[in-house]
There are 2 protein chains.
Amino acid sequence: MTQRVAIIGAGPCGLSQLRAFQQAEEKGEAIPELTCFEKQSGWGGLWNYDWHTGTDPYGEPVHGGMYRYLWSNGPKECLEFADYTFDDHFKKPIGSFPPREVLYDYITGRAKHGDLRRYVQFDTPVKFVEYVDSTGKFEVRVKNLVEDRERTEVFDYVIVCTGHFSVPHVPDFEGIDRFPGRVMHAHDFREAREFTGRHLLVIGGSYSAEDIALQSLKYGAASVTISYRTQAMGFDWPDGIIERPLLTKLEDKTAHFKDGSTKDVDTIILCTGYLHHFPFLEDRLRLKTHNRMYPPGLYKGIFWEDNPKLMYLGMQDQFYTFSMFDIQAWYARDVVLGRIAMPSKEEMAQDIAKWVAREETLASPFEQIDFQTDYMKELHQQVDYPPFDIDMAADHFKTWEHDKEHSITGYRDQAFKSPCTGTQAPVPHTPWIEAMDDSMAAYLRTEGG
Amino acid sequence: MTQRVAIIGAGPCGLSQLRAFQQAEEKGEAIPELTCFEKQSGWGGLWNYDWHTGTDPYGEPVHGGMYRYLWSNGPKECLEFADYTFDDHFKKPIGSFPPREVLYDYITGRAKHGDLRRYVQFDTPVKFVEYVDSTGKFEVRVKNLVEDRERTEVFDYVIVCTGHFSVPHVPDFEGIDRFPGRVMHAHDFREAREFTGRHLLVIGGSYSAEDIALQSLKYGAASVTISYRTQAMGFDWPDGIIERPLLTKLEDKTAHFKDGSTKDVDTIILCTGYLHHFPFLEDRLRLKTHNRMYPPGLYKGIFWEDNPKLMYLGMQDQFYTFSMFDIQAWYARDVVLGRIAMPSKEEMAQDIAKWVAREETLASPFEQIDFQTDYMKELHQQVDYPPFDIDMAADHFKTWEHDKEHSITGYRDQAFKSPCTGTQAPVPHTPWIEAMDDSMAAYLRTEGG
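Residues numbered from 1 in each chain as written. Chains lettered and ligands numbered in written order. Predicted model: local features only at pLDDT ≥ 70, side-chain atom pairs only at ≥ 80, totals over all residues. Heavy atoms only, no water.

1. Some details on the packing of helix α5 (residues 322-336) of chain B against helix α7 (residues 365-380) of chain B
All names here are of chain B.
Next, step 1: Interhelical geometry of α5 versus α7 gives an angle of 35° and a closest axis separation of 9 Å. In this structure, α5 meets α7 at a crossing whose hand is left-handed. The segment α5 lies against α7, with S323, M324, I327, Q328 and Y331 engaging Q372, Y375, M376, L379 and H380.
Next, step 2: Its residues assigned to classes, the contact of α5 with α7 shows six nonpolar, four polar and no charged. (Axes fitted to C-alpha atoms, helices over the stretch in contact; angles between N-to-C directions. Helix = DSSP H or I, 4+ residues; strand = E, 2+ residues; numbered from the N terminus. Left-handed = near helix turned anticlockwise from the far one by under 90°. Contact = heavy atoms within 4.5 Å. Nonpolar A, V, L, I, M, F, W, Y, C, P; charged D, E, K, R; others polar.)

Below, the structure is given as structure tokens:
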């Protein structure tokens, strides 16, 4: 009987997984029956911009924290699909740090090219997944939002492609419940111009804090104070951005920091990260981890150790994104197709332990980059994902780290070479700090000339 | 064997239900085993103010839309508990339109008095309820948020007390996705001072729109434009508030209305109502209705017609609130205790049809008040809930409607007489429009002299 595979989510991971199977089918392989459940009305996951916050028109939690005027914060060359390059899609070289719409067009371009839409059920969130020991299959309860009806289907495999940047981690602070302005998590950030003329307090020390602080200043915020828990980002911030240690309390509009300094602010933006949150999985299937380079419990970073018919894509803290999802998807596909044999429980446990032990020694971003590069290579060599120069991509990440140190407002004006095609990206026609229009049309119009 | 009753939610409805059983026990009656599952860390439902929006620290959707500086918008005399009056709780007469903290203190005061906390499991949302035909019982899956673990328990009865003001109804408007300011639903409104000096567009024609518009102006908004779909509220608004017909589109900051007028605004607040949303109930148990005076499918407004062992409290559009929940809770209790016999399917259907037919004739707020008063009386006469002068309460509502017509900023300065005790409320020491401190201490300190 044909096997059935449920893919949960039609964002980058889900689309990578569908593409992996579709590529095998193109090559003449018999593939299982695929069903991809997507809770949104469109695909692309986080890259599918949605103005809603909180809940959507069906009362479902809004998935995405995507905001307007977001530009890639890493070189696009490091996330390029080796089987569908930027050259394939755009037919000309484009810059290395494109705005959201460009990347959305690229991701969904490959999906359209492969007619992957036929596998996707939109407006259909997965509500619960249970593994039935007696049948060795998964029961997946989904809701058709348009019809307002639930149903349960049975699958041989379940692949979780829901991402882990959808449900905020929200810390508490003394006095925050009486703060006389907006208090929000980065997940609800949509429109920087809301904060023109305002004094912002951004809490956090990672990518969201960095990008929201810079973008808000770019669009006219009066000042941005970034409060970190453990370590300042330490970039050479432009005038208007300062870093302070941890917020200790709020008194009316006044923020007090651990170093005794204070600042009066109008708005608080919690860039405090996200939870790995899978409320639709029964407990024994549910990954519980913070954001880290190698979450334990996942063999090869993919297969749920206790039940490898359940897979997770993209659950790592990521340097590589789309390209890593691709390689994971190809690997997962080959296990489902029986091309790759799963080892014994003991071997799985040992392999996980080996990676986790190395992960725990990582002392710098460069070591993290090397770690994830090695992980990618190990998986890549076992699958027929097209070759690309991953060492070049790794070098790009290191150059990019240096570029950010050199100029946090200018690093997006650099240009990189494709590890897939060797194409050299053009320098952008407008420096990022001056580029206020983030549309694809504006970005591509005069690009490269 | 002892029967088990699950009560979902420890807000006003859930606490009414617990109190109903506890009162029977005080009178020497044997009561079933009660378990009340509450997803928040505290009780009081919407009245339990929470600064979070979106999701809570556990990643659960935030329940409440309560905001700071909310004062009762109806006379407290119309929602008084007949078995625990305001005099019982506060030991002195208090004003008719108290701020949130006062009502919270009152609701939870009765609960503490009856030691109802012993029945409540906090931080424990109900995830799914299924009725098992073969056993005639409900399987209720709940999550212990603190332990991050789910479990399933079996119950004979389930009483849904989750309210219907938690999940926003969110309409769409042309251009809203590109509006350069905050777009939010009333559910996320917390702090009016965020909008000091701002021009607000409030969309809606009911209580939320009215109250958020007034409150925002009171705390310093530059202007409030209220956009209605069908009918203007038509109050004699203070300077700074205007009403306009339906929003047709947004162009950048400019709102266009159906009458051709325009207004530049900074923030959009959707006061567009809520969904009756019960994602934790299997389809055949799930009430599907818009907000109305008599949702079909509920016998006596309580019992799920297809399976009366499932009950819903407070699912009506409400004039009476706490007092109606009490009477429903007493009635539900007496059915569980076998004191009231349930009629045949046909009689249930006929009774529902009778009420719904009358509901559909209602042409004015006064007729709606009379309708809900009659509903209350019918249930009241069958249970031992203490008597009170419900006609006086109905008259209060009509007076209150007149008071609002007379002065939308001044109606909260009126004072009413208790239908339970006959106590005359004092006139507030400070007119509502000037009362900026909404704390219980400020409200009670000089109250009545």
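2. A word on the interface of chain B and chain A
Next, step 1: At the junction of the two partners, chain B supplies 44 residues and chain A supplies 44 residues.
Next, step 2: Counting the surface lost from both chain B and chain A, the interface buries some 3600 Å², and carbon and sulfur atoms represent 47% of this.
Next, step 3: Joining chain B to chain A, the criterion identifies six salt bridges.
Next, step 4: A salt bridge links R193(B) to D252(A); its shortest N-O distance comes to 3.6 Å.
Next, step 5: Across the chain B-chain A interface, the total number found is 10 residue pairs in polar contact (both at pLDDT 80 or more).
Next, step 6: Among the secondary structure elements, those contributing two or more residues to the side of chain B that touches chain A are β5 (137-144), β6 (149-155), β8 (167-168) and β9 (182-185) of chain B. (Buried area = accessible area lost by both parts, 1.4 Å probe. Salt bridge = Lys/Arg side-chain N within 4 Å of Asp/Glu carboxyl O. Polar contact = N/O pair within 3.5 Å; in protein donor to acceptor, adjacent residues only side chain to side chain.)

3. Looking at unusual backbone geometry
Residue and element names in this part refer to chain B.
Next, step 1: Positive phi, normally seen in glycine, also occurs at D115, with a value near 50°.
Next, step 2: Mapped onto the elements, D115 comes out in the loop between α3 (100-113) and β3 (120-121).
Next, step 3: Using a relative accessible area of 43% as the deciding quantity, one classes D115 as partly exposed.
Next, step 4: A positive phi angle, close to 55°, is found at D148, a residue other than glycine.
Next, step 5: When you line up the elements, D148 lands in the loop between β5 and β6. (Buried < 20%, exposed > 50% of the residue type's maximum accessible area, 1.4 Å probe, protein only.)

4. Describing the pairing of strand β9 (residues 182-185) of chain A
Residues and elements named next belong to chain A.
Next, step 1: Alternating residues of β9 divide into R182 and M184 and V183 and H185, and every residue in both groups is buried.
Next, step 2: In the sheet, β9 pairs with strand β16 (residues 267-270) via four bridges, with the strands oriented parallel. Looking across to β16, one finds that V183 is bridged to I268. (Pairing = 2+ DSSP bridges.)

5. A closer look at the sheet that holds strand β10 (residues 199-203) of chain B
Residues and elements named next belong to chain B.
Next, step 1: Strands sit in the order β9-β16-β10-β11-β12 across an open sheet of five strands; the sheet is parallel. Looking at strand neighbours, the two that pair on one side only are β9 and β12 (241-244), the edges of this open sheet. When the angles between neighbouring strand axes are averaged without regard to direction, this sheet yields 20°.

6. Observations regarding the domain arrangement of chain A
Think of interface size as the accessible area that goes away when the parts come together; that is how it is often given.
Residue and element names in this part refer to chain A.
Next, step 1: The assigned domain composition of chain A is domain 1 (4-166 + 274-394) and domain 2 (176-270).
Next, step 2: Here domain 1 and domain 2 have C-alpha centroids that lie 32 Å from each other.
Next, step 3: With 21 residues of domain 1 at the contact, the number on the domain 2 side is 15 residues.
Next, step 4: In total, domain 1 and domain 2 occlude about 1400 Å² of area from one another, counting both sides; carbon and sulfur atoms represent 45% of this.
Next, step 5: Contact with domain 2 buries area across many residues of domain 1, yet Y67, Y69 and Y274 alone supply 46% of it, more than any other trio.
Next, step 6: Linking domain 1 with domain 2 are one salt bridge. (Domains from an automatic or database assignment.)

7. A short note on the sheet that holds β9(A)
All names here are of chain A.
Next, step 1: Strand order in the open sheet formed by five strands is β9-β16-β10-β11-β12, and the pairing between neighbours is parallel. Of all the strands in the sheet, the pair left with one neighbour each is β9 and β12 (241-244). Averaged over all adjacent pairs, the angle separating strand axes in this sheet is 20°, with direction ignored.
Next, step 2: Strand direction decides the pairing type here: strand β11 (residues 223-227) and β12, joined by four bridges, are parallel. Within the sheet, the bridge partner assigned to I226 lies in β12 and is E243.

8. Describing the confidence of the model for chain A
Next, step 1: Per-residue confidence for chain A averages 97 on the pLDDT scale, and 99% of its residues sit at or above 70.
Next, step 2: For this predicted complex, the interface confidence reaches an ipTM of 0.95, while the overall pTM sits at 0.96. (pLDDT = per-residue confidence, 0-100.)

9. Comments concerning α5(B)
Residues and elements named next belong to chain B.
Next, step 1: Taking 1.5 Å per residue, 15 residues should reach 21 Å; α5 reaches 21 Å between its end C-alpha atoms and fits that length.
Next, step 2: Counted residue by residue, α5 has 15 buried out of 15 residues, so it is predominantly covered.
Next, step 3: Where α5 ends, the next residue or the one after it, G338, has phi of about 80°, a positive value. (Expected span 1.5 Å × (residues − 1).)

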